[in-house]
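Descriptive structure summary
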Amino acid sequence: MAQLILSLAAEESPERLQEALQGLAEGEARQLPGHALAELANLFVDVIKGGSLTNGKSLELFSTVLTALASSKENLAYGKGELNGEEFKKQLINTLCSSKDIPLSGEELQFVVEKVLRMFPKLDLQEIPPLVYQLLLLSAKGSKKTVLDGIISFFNQLDKRQKEEERVPQSVDLEVATMPLDQLRHVEGTVILHIVSVINLDQDLGEELIRHLKTEQQKDPSRALCPFSVALLLSVAVKHRLQEQIFDFLKTSITRSCKDLQFLQASKFLQDLFPQQYDITAVILEVVKNSAFGWDHVTQGLVDLGFSLMESYEPKKPFGGKAADNSYGLSKMPAQQACRLGASILLETFKVHEPIRSDILEQVLNRVLTKAASPVSHFIDLLSNIVVSAPLVLQTSSSKVTETFDNLSFLPIDTVQGLLRAVQPLLKVSMSVRDSLILVLQKAIFSRQLDARKAAVAGFLLLLRNFKVLGSLSSSQCSQAIGATQVQADVHACYNSAANEAFCLEILGSLRRCLSQQADVRLMLYEGFYDVLRRNSQLASSIMETLLSQIKQYYLPQPDLLPPLKLEGCIMAQGDQIFLQEPLAHLLCCIQHCLAWYKSTVRLCQGADDDEEEEEDVGFEQNFEEMLESVTRRMIKSELEDFELDKSADFSLSSGVGVKNNIYAIQVMGICEVLIEYNFNIGNFSKNKFEDVLGLFTCYNKLSEILKEKAGKNKSALSNKTARSFLSMGFVSTLLTALFRDNAQSHEESLAVLRSSTEFLRYAVSVALQKVQQLEETGQTDGPDGQNPEKMFQNLCKITQVLLWRYTSIPTVVEESGKKKGKSISLLCLEGLLRIFNTMQQLYSARIPQFLQALDITDGDAEETDINVTEKAAFQIRQFQRSLVNQLSSAEDDFNTKETQSLITVLSTLSKLLDPASQQFLQFLTWTVKVCKENALEDIACCKGLLSLLFSVHVLYKSPVGLLRELAQDIHACLGDIDQDIEVEGRCHFAVVNAKTAAPTVCLLVLGQVDKVLEEVDWLIKKLTSLGSDTSEDSSQASNQTQALEKGVILQLGTLLTVYHELVQTALPAGSCVDTLLRSLSKTYTILTSLIKHVKLSGSHLTPQCYSFITYVQNIHSESLSFVEEKKKKKKEDEAAAVSTVMAKVLRETKPIPNLIFAIEQYEKFLIHLSKKSKVNLMQYMKLSTSRDFRINASVLDSALQEQNSLDAENEPHNNQVRIHLAAFTDRFPPF
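Cut-off values and rules
Residues numbered from 1 in each chain as written. Predicted model: local features only at pLDDT ≥ 70, side-chain atom pairs only at ≥ 80, totals over all residues. Heavy atoms only, no water. Helix = DSSP H or I, 4+ residues; strand = E, 2+ residues; numbered from the N terminus. Buried < 20%, exposed > 50% of the residue type's maximum accessible area, 1.4 Å probe, protein only. Contact = heavy atoms within 4.5 Å. Phe/Tyr/Trp six-rings, centres within 6.5 Å; stacked < 30°, edge-to-face > 60°. Core = buried A, V, L, I, M, F, W, Y, C linked by side-chain atoms within 4.5 Å. Domains from an automatic or database assignment. Axes fitted to C-alpha atoms, helices over the stretch in contact; angles between N-to-C directions. Parallel < 35°, antiparallel > 145°, perpendicular 65-115°, else oblique. Nonpolar A, V, L, I, M, F, W, Y, C, P; charged D, E, K, R; others polar. pLDDT = per-residue confidence, 0-100. Salt bridge = Lys/Arg side-chain N within 4 Å of Asp/Glu carboxyl O. Pairing = 2+ DSSP bridges.

All right, on to unusual backbone geometry then. Cis geometry is adopted by the peptide bond preceding Pro 563, which originates at Leu 562 and carries an omega value of -10 degrees. Relative to the assigned elements, Pro 563 resides in the loop between α27 (540-551) and β3 (571-574). With an omega dihedral of 0 degrees, the bond running from Ala 999 to Pro 1000 counts as a cis peptide bond. Not every positive phi belongs to a glycine, and Phe 685 is a case in point at roughly 60 degrees. Turning to its location among the elements, Phe 685 is positioned in the loop between α30 (656-683) and α31 (687-714). With relative accessibility at 24%, the residue Phe 685 sits in the partly exposed group.

Below, the structure is given as structure tokens:
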């Protein structure tokens, strides 16, 4: 029977007999025993592989045989072993799929590949990898792109389905929901390994993979770069021949994705067209997450990509510049986002893959050392995060850390401080590492290099802060919030604490030697002692005694001696140069803060059982108090002459005496500020103490005024720098609250002393402004808690409350009526608020809800989860709206330009907190439009700010093209037409567009916004091009999207052409407006060339007017040249330079004209080609350009000739005279 069936399969029979045999065989086949089925199936396979199968219908019988075989319960012989029916069937299929030996044509191969790929969803997951491997081997003959696309698309769909199941856990379809995640990931990992192994044999497959993904990425990035394909690329990238290509492609895709996201977020018009935004960052981080399922072949690619991103897009600013922020709000630029993505890849890979941790750590440390000259803040931040995620991992790499310590002396001080903070947890768990660091620091402290000594001080202070002595107060008692980087290891047992005490005292002994070194080294000590004291309170006595002995070198104890401090001991002369040797004001500041902390914390927590120590402590405490009291009293009595700093003193920085006097002045001012803070804090609202505060301020203010006066005369940049205030941020917030918001009856008399001085009030607000500016620029401030983000946030909230109340309560107009000189307090408050709002969005974006909650006094008890940012921001916006309306409606004499600009900027900053979909946002936009329509602002800067605000808000609501058209019409109406005989209709949509602001201010703003719209259109056209080439199964969806995009592009371009229609007919003044308009027109024609669907409007409304505008521009420049030529004849020598300048200007400003003409002609050329191909007359709306080699104005020529004829009717002009007339009225275009 089996042989009969085989003959049916192999031979050609008459059709009817064949069908009869086949029907008989199919019926019998189900009854055959298992071994017969196996033999029959093997015979079929041999026939198929031999290529002798001539009857296609017999394959239906083969299908029946396989089905019967699968249901067979017998054990069947296969090779040297036995298999059951189901396994036997799988082996047969696998053998058949190894069809690389079967000769196939290109079409047949494509058919087979597509057929197999369509079967993927019907197969069990475990059956996919061997089938994929056979397909890949088969692809050596062709259809590589189809195979790769099919595999990637299949796993992309599986990943999407898996995500959907995670999002909706209780799936209705139980069959779909039975895909285990770990099984899917392991299958994907196996398939990736198969592809990589085949690429090792067939390099063309790797090239095809990159080519295919690049092409797909242009069409649909989400299909091309899905988690599976990215993992595949990273696995292939391990092969160095393809690594550069792959990384270049991935980096380009990452930056493009970031730019596209940025582009979309800035335009509501684009968001409506692309509601689903593709984020490659999330995709790559998902690959890291997936790699935890045994994808070891991906990890090296991830690490290499992470470092490549961090190095390619590293920060450009030095490490000491603007502080990097840990929140998501700061990284706005694509390069910053790419760099941060690289760090995230490395950190997440470090967490997931233990074997590669030491490699990542070593590479990070190597880069910190080798890139010392360039910014390394991003690597130090990564190192800190790595150590936090796994502190003990450093123990296995302690030798590498020790090797890094050996190079500390050669690194910049900022890098040293960051590095030590990052590895600080290791110092607590590894004695060997700590000892090696101490040896390095002790050598560095005696180095000749200043940076090395500063590094040593930084290292020793870090050790003192983190190795607690037994009995030290806990961090909670010290009111200190410990950050995540300060990992507490369990090493504070008694023996450790005892050892720590000897260790810390030894370090203090080393640091005392630094008190005889340069001012920079001493300054680091004075700024660091307070933090050491707060973290390690048992060292209080040693530190305070050290400070006491240091200040005694400069303190004059005689009670009547003026001044109370030896300033001459603070400077040092080397040849003709004078340097600061002892930063006395910083020393006094350190003493004041340490004493205040000691009195408020340690004294309250100490028991009465340690009498001897208490007596000793009281000794230095009393000494300091008496000393500060004496210095305060004598500083108030001192005159400037006592410091040799009167008005007649020399303050120029070019002489030694001037440098010395500047140093003295800064020290005296700093001492006054330190004493102001000290006396205010201990005064407890005593009237006498506040009078002392005012007396100290008088001394400070006199010196400050003298320095300002001298700086104004010198006009040097260095002398104009304001000295940094010694007041702490916490004290500034306390002082401002007391001055402006304290209503307690018992405090009224004492505060009246300070409130009576307008100069003191202005000074307090100015210092707050300076502190906020320092925080905005560096991420920290001087003084206690300056590096504590939580304390800085609390202080900012308090300062904002005061400044906001002060500004809204007392208008600037009221204040300025009695003002003598300097900025008004209200204006300073407004500047401070502007800086605070900016700082909050940069450094504390995640805490903006709490910030707005703190400003709303009426709703102080609301829960944090209920905070509506839009509502709170809208409430604050309304206050500033009222202030702006008051300014705009005030009389001309009361109008304050500076305040109006600041108010507009504040509104612009706060508007970013509004949700564009909210009613409050729409109300704000409506109000902004109304203000621009109703207020005829003639102030250029305010007009510019107001229109910029309008554009920034409008684009988040809808496309601004309609708004631009109205503004263009207003500009045309204000400036008139290029044809003087035409009277423009007197339309006025926006009062802000008037004779003073229309050009260049409003015109340039409109053209700037037009260029942004053109960029959007250009971006959309590129998307259209990629969608047009999409031949995938989702082509109908792509077609719908294409139609929506085309409609959007045409509407944008159509309205823009009407904007240009107005502007090219406007009599714009020569200069930037004309130049910008010509360039913008060139860009427009280039875009029109790529999308010829707006022929009628461009032909009727734009091109003719463009040529008229070109004539107008050339006439303007001809007139200016003629005027210059006349002057040149009168004063040849004097005006030669002026003539050449004007000639150069004319040449520069007419340069865009040939480019514009070329763009117009290219546009017309493509229109003609398209007309011929489409058989549609697209040129019916276009008037072809005439030759522009010369242009004769016929009417002007006729009048000139008539005039000549009337003068000399008898004589006919000679040929040369005719040429002169022609030359006078001929206008040539420059060559292009």
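Locating Gln 1009 in the fold gives a position in helix α44 (residues 998-1028). Residue classification places Gln 1009 among the buried positions, given a relative accessible area of 8%. Ignoring any residue separated from it by four or fewer positions in sequence, one finds Gln 1009 in contact with Phe 951, Val 955, Pro 960 and Leu 964.

Applying the stated criterion to the full structure yields 21 aromatic pairs. For the ring pair Phe 307 and Phe 379, a centre distance of 6.5 Å and an interplane angle of 25 degrees mean the geometry is stacked. A residue pair is termed long-range when its members are at least 10 positions apart, and Phe 307 in helix α16 (residues 296-312) and Phe 379 in helix α19 (residues 377-389) qualify at 72 residues. Residues Phe 307 and Phe 379 agree in their burial class; the two are buried. On the numbers, 6.1 Å between centres and 20 degrees between planes, the contact of Phe 924 with Trp 927 is stacked. Residue Phe 924 and its partner Trp 927 are located together in helix α41 (residues 919-934), separated by three residues, close to a single helical turn. When its relative accessible area of 2% is taken as the criterion, Phe 924 is described as buried. Taking relative accessible area as the criterion, Trp 927 reaches 17% and is therefore assigned buried. In this structure an aromatic cluster arises from ring pairing among Phe 120, Phe 154, Phe 155 and Phe 228.

On to the nonpolar core, then. Within the largest apolar cluster, 265 residues are counted, with the highest numbers of intra-cluster contacts made by Phe 405, Leu 408, Leu 463, Leu 547, Leu 736, Phe 880 and Phe 1109. Counting residues per element, this core draws most heavily on α44, which supplies 16 residues. Looking at which domains feed residues into this core, each of domain 1 (738-816 + 829-859) and domain 2 (959-1027 + 1040-1128 + 1136-1182) gives three or more. Each residue touching Phe 1109, except ones within four places of it in the same chain, is listed here: Ile 978, Leu 1063, Val 1064, Thr 1066, Leu 1068, Val 1074, Leu 1077 and Leu 1078.

What follows covers the packing of helix α22 (residues 413-429) against helix α23 (residues 431-444). Interaxial distance between α22 and α23 falls to 6 Å at its minimum, and their mutual angle equals 125 degrees. With respect to α23, the axis of α22 lies oblique. Across the interface between the two elements, Leu 420, Leu 426, Leu 427 and Val 429 of α22 pack against Met 431, Val 433, Arg 434 and Leu 437 of α23. Residues belonging to the contact of α22 with α23 are distributed by class as follows: seven nonpolar, no polar and one charged.

Our next topic: the packing of α16 against α19. The relative placement of two packed helices comes down to the angle between their axes together with the axis-to-axis distance. For the pair α16 and α19, interaxial distance at closest approach is 10 Å and the crossing angle is 145 degrees. Residues Phe 307, Met 310 and Glu 311 of α16 form the contact with α19, whose own contacting residues are His 378, Phe 379 and Leu 382. A class-by-class count of the residues in the contact of α16 with α19 yields four nonpolar, one polar and one charged.

Moving on, we get to the confidence of the model for the chain. Taken over all residues, the pLDDT of the chain has a mean of 79, while the share at 70 or more is 75%. Note on residues 475-495: pLDDT is under 50 here. Beyond four places in sequence and across chains, it has 36 contacts.

Moving on, we come to the pattern of salt bridges. With the rule as written, the count across this model stands at 30 salt bridges. Two residues, Asp 531 and Arg 534, come together in a salt bridge whose shortest N-O distance is 2.5 Å. Residue Asp 531 and its partner Arg 534 are located together in helix α26 (residues 519-535), separated by three residues, close to a single helical turn. On the basis of relative accessibility, which here comes to 21%, the residue Asp 531 falls in the partly exposed class.

The next subject is the pairing of strand β4 (residues 577-580). Bridge analysis of β3 against β4 gives four bridges, and the strand direction is antiparallel. Of the residues in β4, the one forming a bridge with Met 572 is Phe 579. Connecting the antiparallel pair β3 and β4 is a turn made up of two residues, with Gly 575 showing a positive phi of about 70 degrees.

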